[in-house]
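Residues per chain, in single letters:
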Amino acid sequence: KLCIFIEVFKIKETNLERKLLSYIVLILLFVLSIFIVNGTFISIIPSTPLNKTWTNNNQPDFTFTPTSNINTTFPCILMIDNIKYGTNYTSLNNSLTNITANLTLTQGTHSWFINCTDVNGSNFSITRTIYVDTSNPSSSITLPLTNTSTNDTTVEINFTLIDNLATAINYY
């Protein structure tokens, strides 16, 4: 009789373990479903300026489209060289949004991205590069000399072009 009782107890214990495991699986699925439904941003898609854009504007506009699964409006921050350059506190979900750089960018190369936050956390856009060049290139003609006249139909012209940022200059 004792052996039968132990066997019955083992069967009951196994059923209890199965029920417990089933409850754990259900709880995990519930938690995962909440995370999937309430997850953070699906995306932040930068629009302009395009990657590796040259501009002579040292306070350009930056446009992007943020998307959230929860919020209809939320704050987004423009980061340039990891410094806050502007905020739109009422960015609309799935809408083209603009932030103008509120500080003057120095000449040179800058990295920028957008950071948006909803009730579940933050997300970042991809990082893009913008080149700011507010100085005009300069040129000087070295040949022919000033006030030189010639009857030659093929005149040699030597000149120098200088730009503070460009490593190559196109001329036409």
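Trainee: Explanation requested: unusual backbone geometry in the structure shown.
Mentor: Glycine aside, negative phi is the norm for most residues, and most peptide bonds take the trans geometry. Of note, the amide linkage connecting Thr48 to Pro49 takes the cis form, showing an omega dihedral of -5°. Position of Pro49 among the secondary structure elements: in the loop between strand S1 (43–48) and strand S2 (53–55). The linkage connecting Leu143 with the following residue, Pro144, adopts the cis geometry, with an omega of -5°. With respect to the helices and strands, Pro144 occurs in the loop between strand S10 (138–143) and strand S11 (158–162). Even without glycine at this site, Lys52 takes up a positive phi of about 65°. With respect to the helices and strands, the residue Lys52 is situated in the loop between S1 and S2. Backbone geometry places Asp81, a non-glycine residue, at a positive phi of 55°. Within the secondary structure layout, Asp81 lies in the loop between strand S4 (73–80) and strand S5 (83–92). Classification of Asp81 as partly exposed rests on a relative accessible area of 34%.

Analysis parameters
Residues numbered from 1 in each chain as written. Predicted model: local features only at pLDDT ≥ 70, side-chain atom pairs only at ≥ 80, totals over all residues. Heavy atoms only, no water. Helix = DSSP H or I, 4+ residues; strand = E, 2+ residues; numbered from the N terminus. Buried < 20%, exposed > 50% of the residue type's maximum accessible area, 1.4 Å probe, protein only.

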